[in-house]
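The chain contents come next:
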Amino acid sequence: MDVGLTSAQLALRDSVRDVLRAECPPGVARQAMTDPECWRAVWKTVVDLGWTELAAPDSDFGRLDLAAVLEECGAAIAPIPLLAGVGLAGGVLRAAGIDDVLRDISDGVVATLAVHPPGHRLPSVPMTLQQGRLRGRAVAVPWASSAELVVTLAESPDGVVAAVLRAGDGVTVTPGDCTDPAQPVADVDIDTTPLAAAQVDVESALATPLLAAAADLVGVAGAALHRSVEHAKSRQQFGKPIGAFQGVKHALADNYVAVERARSLTYAAAARPGSWTAAALAKAAAGDAAVGCCRTAVQVHGAIAQTWEHDIHLYLRHAWQGAAALGDSRALYHEVGRRFVRGAA
């Protein structure tokens, strides 16, 4: 399987990286923790540059392009709803073939995905659609307080459908406690008539959202590892760089293996459209890599990493929250193993 990026995809990735370095340094994520509106300036740049066109149903962009862009957004811990709209909501809409809403998202409309029922560790179907009325509750919905459109999954008399609704009447958003306030989540209660609905296969619908979440976490993991390595090369202790000590370099080597494993699984999943198992394994590996690299970064940086002024806690918050989204690693590995035993994986 060839999962390498083309020259055009490499150029796209590099251009996204350059823009985020200039327009969205880590200080923007720090500001977003206390200013819930500061994301809009960066979002305008993102929309103007056409990154949201990754969601367009008739565009030339594919899943590899999506993974490359979201990895760079994760590396920049960019406080923008690109993952929520293009990656999560857009992934379900594409599987359902709801092209009109995809075009709205590609034009910059903020959207999100509500697929986490209360009390469940894995995403599933939180709503019901009966006699044209959509009802239910979903928790930990990313960017729900800013979203104009909400995409969800619902049980209907004809099977599971992907449903789209507009924020407002019949949609109650209750902000929750966020590990990462720069990436806000909220609980959503719904009792309204959907704008659109179409039948969908649940596993195929969730494959792209899982892939998108994995790509974002790979970016976080890679950026945290890079910061650790640079610090380990420059920080002197006992007359030598701390990276020369086995306890440090072995930990960083383990992190490197975890990042490359997660990245390989993510791009392999991007090359296998509709494969829930490939996407779930990528998300689980990426969650472990992100949390592991960020924890090591705190240890390598020492006392300074415990301070508000240092950037490492921003990466750790993003990693913790992202690793729990759409299923934590243990739950995903358990489900993949269960399916393997049944012969369904």
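Predicted model only: the values in this text are computed from it and were never measured.

Criteria and cut-off values
- Residues numbered from 1 in each chain as written.
- Predicted model: local features only at pLDDT ≥ 70, side-chain atom pairs only at ≥ 80, totals over all residues.
- Heavy atoms only, no water.
- pLDDT = per-residue confidence, 0-100.
- Helix = DSSP H or I, 4+ residues; strand = E, 2+ residues; numbered from the N terminus.
- Pairing = 2+ DSSP bridges.
- Domains from an automatic or database assignment.
- Contact = heavy atoms within 4.5 Å.
- Buried area = accessible area lost by both parts, 1.4 Å probe.
- Salt bridge = Lys/Arg side-chain N within 4 Å of Asp/Glu carboxyl O.
- Polar contact = N/O pair within 3.5 Å; in protein donor to acceptor, adjacent residues only side chain to side chain.
- Nonpolar A, V, L, I, M, F, W, Y, C, P; charged D, E, K, R; others polar.
- Phe/Tyr/Trp six-rings, centres within 6.5 Å; stacked < 30°, edge-to-face > 60°.
- Lys NZ or Arg CZ within 6 Å of the ring centre and 35° of its normal.
- Buried < 20%, exposed > 50% of the residue type's maximum accessible area, 1.4 Å probe, protein only.

Student: Whenever I open this one, the confidence of the model for the chain confuses me. Can you help?
Tutor: Low-pLDDT stretches of the model should not have their predicted coordinates read in fine detail. Scored by pLDDT, the chain comes out at a mean of 94, with 99% of its residues at no less than 70. Mean pLDDT values for the elements of the chain range from 78 in strand β9 (residues 236-237) up to 98 in strand β1 (residues 111-114).

Student: What am I meant to see in the pairing of strand β3 (residues 133-142) here?
Tutor: Bridging between strand β2 (residues 127-130) and β3 involves four bridges; their strand directions are antiparallel. Considered in β3, the bridge of Leu129 is made with Leu134. Where β2 hands over to β3, the hairpin turn is made up of two residues, of which Gln131 adopts a positive phi near 50°. Pairing between β3 and strand β7 (residues 185-192): seven bridges, direction antiparallel. Bridge pairing links Leu134 to Thr192 in β7.

Student: Honestly, the domain arrangement of the chain in this entry has me stumped. Any pointers?
Tutor: Size of an interface: often given as the accessible area lost when the parts come together. Domain annotation for the chain reports domain 1 (7-107), domain 2 (111-200) and domain 3 (203-344). Centre-to-centre, using C-alpha coordinates, domain 1 lies 20 Å away from domain 3. Each partner contributes residues to the interface: domain 1 has 20 residues there, and domain 3 has 31 residues. Across the interface of domain 1 and domain 3, roughly 2,200 Å² is buried in total on both sides, 67% from carbon and sulfur atoms. Our count for the contact surface shared by domain 1 and domain 3 stands at two salt bridges. Across the domain 1-domain 3 interface, the total number found is nine residue pairs in polar contact (both at pLDDT 80 or more). For the side of domain 1 that touches domain 3, the secondary structure elements donating two or more residues are α2 (26-32), α4 (63-75) and α5 (82-96). The biggest single contributor to the side of domain 1 that touches domain 3 is α4, with ten residues. Tallied by class, residues from the side of domain 1 that touches domain 3 come to 14 nonpolar, three polar and three charged.

Student: How should the packing of aromatic side chains be read in this particular structure?
Tutor: Geometry of an aromatic ring pair is reported as the spacing of the ring centres plus the angle between the planes. Inspection of the entire model under this criterion finds three aromatic pairs. A network of ring pairs unites the aromatic residues Trp39, Trp43 and Trp143 as a single cluster. The ring of Trp276 carries the charged tip of Arg339 above its face, separated from the ring centre by 4.0 Å.

Student: Hey, could you run me through the pattern of salt bridges in this one?
Tutor: Side chains that carry opposite charge are capable of pairing whenever their charged atoms lie near each other. Overall, the coordinates contain 18 salt bridges when judged by the stated rule. Across the salt bridge formed by Asp328 and Arg121, the nearest N and O atoms sit 2.7 Å from each other. Within this pair, whereas Asp328 is found in the loop between α10 (312-324) and α11 (329-342), its partner Arg121 is found in the loop between β1 and β2, the two being separated by 207 residues in sequence. For Arg121, a relative accessible area of 46% gives the class partly exposed. Among the salt bridges present, the one from Lys233 reaches Glu230, with a minimum N-O distance of 3.2 Å. Of the two residues, Lys233 and Glu230 both sit in helix α7 (residues 202-234), three residues apart, roughly one turn of that helix. On the basis of relative accessibility, which here comes to 51%, the residue Lys233 falls in the exposed class. We classify Glu230 as partly exposed; its relative accessible area is 37%. Taken together, the salt bridges that share partners define one network made up of Glu203, Glu335, Arg338 and Arg339.

Student: Would you mind showing me how to read the side chain of Asp311 here?
Tutor: On the secondary structure map, Asp311 appears in the loop between α9 (276-301) and α10. Engagement of the side chain of Asp311 in a polar contact is seen with the side chain of Arg30, the distance being 2.9 Å. Residues in contact with Asp311, not counting those within four places in the same chain, are Pro26, Arg30 and Arg227.

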